[in-house]
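Here are the chains, one letter per residue:
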Amino acid sequence: MQAIIIENIIKTYGKSKDVMALNNISFNVQKGELFGIIGPDGAGKTSLFRILTTLLLADSGKATVDGFDVVKAYKQIRKIVGYMSGRFSLYPDLSVEENLNFFATIFNTSIKENYDLIKDIYVQIEPFKNRKAGQLSGGMKQKLALSCALIHRPSVLFLDEPTTGVDAVSRKEFWEMLKGLKQQGITILVSTPYMDEADLCDKVALMQNGKILSIDTPGGIINNFSNPLWAVKSSQMFHLLNDITKQDFVKDVYPFGEFHHVVMKDKSGETLLKNFVQMHQEDKMQIKELKPNIEDCFIALMKN
Amino acid sequence: MRTIKFILQKEFRQIFRDASILRMILIMPIIQLVVLPWAADYEIKNIKLAVVDQDRSEYSRQLINKITASGYFNLAHYSSSYNEALHQIESDKADLILQIPIQFEKELVKENEATLFMAMNAINGVKASLGGTYLRTIIQNYNKNVRTEWIQFPRFNPETQIEIVSSSWYNPLMNYKYFMVPGILVILLTLIGMNLASINIVKEKEIGTIEQINVTPIKKYHFIIGKLIPFWVMGLVVLTIGIIISRVFYGIIPLGSFVTIYVFAAVYLLALLGLGLLISTYSVNQQQAMLLSFFIMMIFILLGGLYTSIDSMPEWAKWITRFNPVTYFIEVMRMVVLKGSSLIDIKYHLLKMVAFAVVFNSWAIFSYKKRS
């Protein structure tokens, strides 16, 4: 069963429609799936979320959420989706409890009724329930926002960059929470600019400039990366980058942490790289073979 | 209904937590109504008069005494040179010059006729024209007195004179506060109501909460009504404070009934808040909303008939005042407070206000879009 179906969605901005935010996007999300949309800023993630949550009208194309058309049946969709927008958008002058209560009541429910769903998240901020939402720390704000988005027991949850600007520990905690929600059968569509979070999703779509580069499971995307990948390091990193770029066997090279990642054109490049290292021994060069990660795949897809 | 209740609960909470809104609602009426009416006086006083007395006779002295005794003029300069007096006007030390020529007394007695010369500084037009009128009235009065003195025995006046005696209805003592205070109260209500309403929805846009509201099943009219009612209540509170202040400080007790005032004010506030919310739905941020409502308010107030009479405006301006809710409310306030008009007397005003309220509010609901 498909929870979200997106067909040929096009969205442009600007008077002359020259800014292509979404360029013919199509994909499906299975019910109960944790689906990640990974892409840099400006990829079109937020536009897509706003179309799916009925906040924005697409220029053309069709989309349904839980079987409801986003244009015709927007009223039904607003009852069944939870949306957490990229920026904190709760009332800063209302307390934690008042915010949650307000969003519960406008969905005709109460905190009590759906407490079991938000319990794991809400207990962490419950000690501060009388504090104004504006005075919470970043991580707590995010937990409150998630609680508010969940309080009416949505069947599909849209999380637009929920972990942007949140510390590493809170990010980890947050993904743990999402896994828990998945177990409750909630379909979750989450966008993030962080590549490392892709591994935590059931399925990911890599997005750039309004286009989807690839849709697969994180493992599938990595398996599709067929070129050999090596990491290179030396005492002259900048010269190394320039030198390696000039080599014929190299398809691509880019800095990656303390190493440079070298993508070979084919298997034969490996020996050539070893030869290259032999020639530059004075630079204390180190090399090692790597298993590609999502970021390598994304960089490769981007450059294609 | 339930949804509106929860929105209202939330709005009231937010208002009562916002110290600046509460301060605005309580302190603004007090300052505006206690301080402003004393300064917003139509009567021109303390006109600086420069007298060029080239006659220096008994009659000229009498005339000057009479003028300064009126209380409207201060004798700022006294000389016998016109140029010197003109210099006083140029350096802003005098507003008016009265020149009494040589042989003023002689001619008055001998020829039964004498001329005086008056020159006014017209930079402040109101001051110049009113000052000139006052001075003319005093001189005429003086003229009559002189003539009465000369009458030795009863006889017919050779010249026919028409004397006009007026009586001011509804405000017999012409106490300007009686008609300024109700007007200022209207302005006050307009300022507070429109300002609060116009920055409200836009504030939710700015902090992003409107997105969160938009993805919920809240209906558009629920949202607008939820925004409207709290400010409507606040407006009526401000009106009540204003009425109490005008009773305590100025002894103004409306001749008409409070019911009439409150009924009209209730409808007026609906119209005004609807306009404020309309501005709010069209603006992107609070600055825009504030500037726009400020602009509209300036037009409303200057063309509202508080400071200048609508009857003396050009035809096109009169047309604008017909679409100005402030005009109607000021008129109604003065009618009820001074004349004691009842609901039946103001029924056309009321109907027009209902029309304003319906148009502005449905427009606001229409233009508030939950999706773009």
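Parameters and conventions
- Residues numbered from 1 in each chain as written.
- Chains lettered and ligands numbered in written order.
- Predicted model: local features only at pLDDT ≥ 70, side-chain atom pairs only at ≥ 80, totals over all residues.
- Heavy atoms only, no water.
- Helix = DSSP H or I, 4+ residues; strand = E, 2+ residues; numbered from the N terminus.
- Buried < 20%, exposed > 50% of the residue type's maximum accessible area, 1.4 Å probe, protein only.
- Contact = heavy atoms within 4.5 Å.
- Areas by Shrake-Rupley, 256 points an atom, 1.4 Å probe, with all protein chains shown as cover.
- Lys, Arg positive; Asp, Glu negative; His and termini not counted.
- Charge placed at Lys NZ, Arg CZ, Asp CG, Glu CD.
- Patch = residues over 30% accessible without salt bridge, like charges linked within 9 Å, V, L, I, M, F, W, Y side chains within 5 Å.
- Salt bridge = Lys/Arg side-chain N within 4 Å of Asp/Glu carboxyl O.
- Domains from an automatic or database assignment.
- Buried area = accessible area lost by both parts, 1.4 Å probe.
- Polar contact = N/O pair within 3.5 Å; in protein donor to acceptor, adjacent residues only side chain to side chain.
- Nonpolar A, V, L, I, M, F, W, Y, C, P; charged D, E, K, R; others polar.
- Axes fitted to C-alpha atoms, helices over the stretch in contact; angles between N-to-C directions.
- Parallel < 35°, antiparallel > 145°, perpendicular 65-115°, else oblique.
- Left-handed = near helix turned anticlockwise from the far one by under 90°.
- 1 Å grid on protein atoms, 1.4 Å probe; cavity = no way out; pocket = protein on both sides within 12 Å on 5 of 7 lines; lining within 4 Å.
- Points joined across faces, edges and corners; volume = space filled by probe spheres on them.

Student: I would appreciate a short explanation of the overall build of chain A in the present structure.
Tutor: Each helix and strand counted, chain A has ten helices and 14 strands in total. Overall, the C-alpha framework of chain A stretches about 70 × 45 × 40 Å when taken along its three principal axes. Looking at chain A as a whole, 53% of its 304 residues qualify as buried. Across chain A, contacts joining residues at least 24 apart in sequence account for 68% of those joining residues at least 6 apart. Only carbon and sulfur atoms are counted for the fraction: they give 50% of the accessible area of chain A, which is about 13800 Å². Positive and negative side-chain charges in chain A, numbering 36 and 35 respectively, have mean positions lying 5 Å apart.

Student: What is the right way to look at a nonpolar patch on the surface in this model?
Tutor: Residue and element names in this part refer to chain B. Taken together, the side chains of Leu292, Phe294, Phe295, Met298, Ile299, Leu302, Trp316 and Ile320 make up a nonpolar region of the molecular surface, amounting to roughly 820 Å² of accessible area. Secondary structure elements with two or more residues in the nonpolar patch: α11 (286-302) and α12 (315-322). Topologically, phenylalanine 294 is positioned in helix α11.

Student: Would you mind going over the domain arrangement of chain B with me for this structure?
Tutor: Quoted interface sizes are often the accessible area lost when the parts come together. Taken as a whole, chain B is organised into domain 1 (2-40 + 176-367) and domain 2 (47-150). Inter-centroid distance (C-alpha atoms) of domain 1 of chain B to domain 2 of chain B is 48 Å.

Student: What is the right way to look at the side chain of histidine 349 of chain B in this model?
Tutor: Residue and element names in this part refer to chain B. Along the chain, histidine 349 falls in helix α14 (residues 347-367). Taking the relative accessible area as the measure of exposure, histidine 349 reaches 14% and is therefore buried. With residues near it in sequence (within four places) discarded, histidine 349 still touches Phe264, Tyr328, Glu331, Val332 and Met335.

Student: I would appreciate a short explanation of the interface of chain B and chain A in the present structure.
Tutor: Contact residues are listed per partner, giving 25 residues for chain B and 30 residues for chain A. Each partner contributes to the roughly 2700 Å² buried at the junction of chain B and chain A, and carbon and sulfur atoms together form 55% of this total. Per-residue buried area on chain B facing chain A is highest for Gln212, Val215 and Arg371 of chain B; these three make up 27% of the total on that side. At the boundary of chain B and chain A, one finds three salt bridges. Glutamate 98 of chain A is the salt-bridge partner of arginine 17 of chain B, the closest N and O atoms lying 2.7 Å from each other. Between the two partners, chain B and chain A, sit twelve residue pairs in polar contact (both at pLDDT 80 or more). Contributions of two or more residues to the side of chain B that touches chain A are made by α1 (2-17), α7 (176-207) and α8 (209-214) of chain B. Within the side of chain B that touches chain A, the residues separate by chemical class into seven nonpolar, eight polar and ten charged.

Student: What exactly am I supposed to notice about the domain arrangement of chain A here?
Tutor: Residue and element names in this part refer to chain A. By domain assignment, chain A separates into domain 1 (2-222) and domain 2 (225-303). Each of domain 1 and domain 2 has a C-alpha centre, and these two points are 37 Å apart. Taken together, the contact between domain 1 and domain 2 spans 14 residues of the former and nine residues of the latter. Taking both sides of the interface into account, the surface hidden between domain 1 and domain 2 amounts to around 980 Å²; carbon and sulfur atoms contribute 79%. Of all residues in domain 1, Met195, Leu213 and Ile222 give up the largest surface area on contact with domain 2, accounting jointly for 56% of the area buried on that side. At the boundary of domain 1 with domain 2, the tally comes to zero salt bridges. On inspection of domain 1 and its partner domain 2, the count reaches one residue pair in polar contact (both at pLDDT 80 or more). Within the side of domain 1 that touches domain 2, the residues separate by chemical class into ten nonpolar, three polar and one charged.

Student: Teacher, can you tell me more about unusual backbone geometry here?
Tutor: Peptide bonds are trans in most cases, and residues, glycine excluded, mostly fall at negative phi. Its identity is not glycine, yet arginine 153 of chain A carries a phi of approximately 50°, on the positive side. Within the secondary structure, arginine 153 of chain A sits in the loop between α5 (138-150) and β7 (156-160). Judged by relative accessible area, which is 39%, arginine 153 of chain A ranks as partly exposed. Even without glycine at this site, aspartate 92 of chain B takes up a positive phi of about 65°. The residue aspartate 92 of chain B is located in the loop between α4 (82-90) and β3 (96-100) in this model. Since its relative accessible area comes to 47%, aspartate 92 of chain B is described here as partly exposed.

Student: I keep staring at the packing of helix α3 (residues 96-106) of chain A against α1 of chain B and nothing clicks. Help me out?
Tutor: Two measures define how a pair of helices packs: the angle their axes make with one another and the distance between the axes. Packing of α3 of chain A against α1 of chain B leaves a shortest axis separation of 9 Å and a crossing angle of 160°. Comparing their axes, α1 of chain B and α3 of chain A come out roughly antiparallel. The interaxial crossing formed by α3 of chain A with α1 of chain B has left-handed handedness. In this structure, α3 of chain A uses Glu98, Phe102, Thr105 and Ile106 of chain A to contact α1 of chain B, whose residues at the interface are Arg2, Thr3, Phe6, Ile7, Lys10, Arg13 and Arg17 of chain B. Class assignment for the residues of the contact of α3 of chain A with α1 of chain B results in four nonpolar, two polar and five charged.

Student: Sorry, what's going on with empty space enclosed by the protein here?
Tutor: Left-over empty space is what a probe sized like a water molecule reveals as it rolls over the atoms. Applying the stated criterion across every chain, the model contains three cavities of 30 Å³ or more. Within this model, the largest cavity holds a volume of roughly 80 Å³. Along the walls of the largest cavity sit Val181, Pro182, Leu185, Ile243, Ser246, Ile252, Pro254, Ile261, Met333 and Val337 of chain B, which together make up its complete lining. Split into classes, the residues belonging to the lining of the largest cavity amount to nine nonpolar, one polar and no charged. A volume near 60 Å³ is recorded for the second largest cavity. Looking at the lining of the second largest cavity, the elements with two or more residues in it are β6 (81-84) and α5 of chain A. Per element, the largest residue contribution to the lining of the second largest cavity is three residues, and it comes from β6 of chain A.

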